[in-house]
Amino acid sequence: MKKNQNLFAVGLITSLFFLWGFAVNLNPVLIPHLKKACQLTDTQSALIDSAFFAAYFLVALPAGQFMKRYGYKGGILLGLLLFATGAFLFYPAAATRTYGFFLVALFIIASGLTFLETAANPYITVLGDPEGATQRLNFAQSFNGLAATLAPLLGGQVILSGRSLTPTQEAAMAPEQLATYLSQEAATVQLPYLIIGLVVLAVAVVIYFTRLPDITEPVATTTGGGRSLWQEKNLLWGVVAQFFYVGAQVCLSSFFIRFAGGVAGIQEQAATLYLSGALLGFMAGRFIGTALMRVVAPARLLATYSLVNVGLIGLAVTLKGQLPVYALMGVEFFMSIMFPTIFSLSIRGLGAKTKEGSSYLIMAIVGGAVFPVLMGRVSDASSIQTAYVVPGVCFLVVLYFALRNARTRVNPQEISLVAAH
């Protein structure tokens, strides 16, 4: 009976990985959709990512404090309630076609996801035998990858209408006609996010009535030496690299549909299929990269992948036709190992300061709020193709960090434990 209860609990917590993966990877669909429905510039549409990833930076520490007082189950329940609330707010946001309302809803969703991500990893590791902790975590993370593949595929078909007006066509329409068209476009998000909110609420109810084990964390009795974290240069460079990497990752996916349409003339619904394929490559790349690390030092593989991505971005910025789209799809594959590898290389040797150092690396996710806006500005000033220089520069920073660590060997199992992003 206890084994069956643990299996049920593992299934519940694994569902959280799928839920937040699905929510995060709907953003690349929302960006072109709201750009059209709310008549935004590229810079304005990039605020979707800013509102979303700023929550990780602002809510991470309060989430940790909340869970210290009310436990991980309390944190999960609050996270799910915030997630559902933000999803339900999409309905009035679409009804009023108010962009600021959408941004508030996205911030609330991301605040809920911050709670879920903070709690789910430690929970999944204690639900069963300690020897199987890594296997359980990798199993759960595979559902995160599955969600990343399905979200643009399903979201693109349901949310994106495939209808786009040129500025000339908009100008030729009567104000009432244009308002009706824009309202119809905005309304396509109402039913999908209503369903998401109801599913999330249902999961919250099930978790509320399920007994989950408490996690007791040991109290640190030492500070691990007299060195301040600010003296740990490798950690500081790791935070910088993670900041730039997450910025590059978010930029790449968020503007992919716009890029495919502007450079290769691919319709938005068809572009979501390309994006879904690229994210499938990202998931496959994580497994392949982890296997390669058994024979290649992680830092060297990170350096190689970073260099390849700089080259692929160069092709995406300079070539014509569909080849640039394929180049960006390749970038997704070679990005796959970067977050966990940077993380593991950064915290090595920190001892009792590992948890504090890890929190800085998680806060570096705020790069996803900064670089899309910069990329949007470049796009508005030049073109969406030229704007992909921004993630190219980000990969150069990751390359520098990798070269600093090229002689370091890290156990691949350490990397698999932080591979949720």
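The name that an unreviewed UniProt entry assigns to the protein chain is L-fucose:H+ symporter permease, with the source organism given as Hymenobacter wooponensis. The annotation that UniProt attaches to the protein chain under Sequence similarities (unreviewed entry) is "Belongs to the major facilitator superfamily. FHS transporter (TC 2.A.1.7) family." Reading the Function (unreviewed entry) entry of the UniProt record for the protein chain gives the comment "Intake of glucose and galactose."

Caption draft 1: Up close: the overall build of the protein chain. Secondary structure assignment for the protein chain yields 20 helices and zero strands. When burial is assessed residue by residue, the protein chain has 52% of its 421 residues classed as buried. When the accessible area of the protein chain is evaluated, it comes to approximately 18,000 Å², of which 66% is carbon and sulfur surface.

Caption draft 2: Looking closely at the environment of Ser-164. Take Ser-164: it is sitting in the loop between α6 (133–159) and α7 (167–172). Taking relative accessible area as the criterion, Ser-164 reaches 49% and is therefore assigned partly exposed. Sequence separation between Ser-164 and Ala-37 is 127 residues; the distance between their C-alpha atoms is 9.8 Å. In contact with Ser-164, not counting residues within four places along its chain, are Lys-36, Gln-169, Tyr-181 and Glu-268.

Caption draft 3: Geometry of the side chain of Ser-276. Relative to the assigned elements, Ser-276 resides in helix α12 (residues 268–292). The contacts of Ser-276, once residues within four sequence positions are left out, are Thr-149, Pro-152 and Leu-153.

Caption draft 4: Seen up close, helix α8 (residues 175–187). Over its 13 residues, α8 extends 18 Å from the first C-alpha to the last, a length consistent with the 18 Å expected when each residue adds 1.5 Å. Where α8 is concerned, the buried positions are Leu-178, Tyr-181, Leu-182, Glu-185 and Ala-186. The buried residues of α8 occupy an angular sector of 135° when the element is viewed end-on, so they sit on one face.

So, how was this worked out
- Residues numbered from 1 in each chain as written.
- Predicted model: local features only at pLDDT ≥ 70, side-chain atom pairs only at ≥ 80, totals over all residues.
- Heavy atoms only, no water.
- UniProt positions renumbered as here; feature names shortened; annotations may be inferred.
- Helix = DSSP H or I, 4+ residues; strand = E, 2+ residues; numbered from the N terminus.
- Buried < 20%, exposed > 50% of the residue type's maximum accessible area, 1.4 Å probe, protein only.
- Areas by Shrake-Rupley, 256 points an atom, 1.4 Å probe, with all protein chains shown as cover.
- Contact = heavy atoms within 4.5 Å.
- Expected span 1.5 Å × (residues − 1).
- Arc of directions from axis to C-beta.

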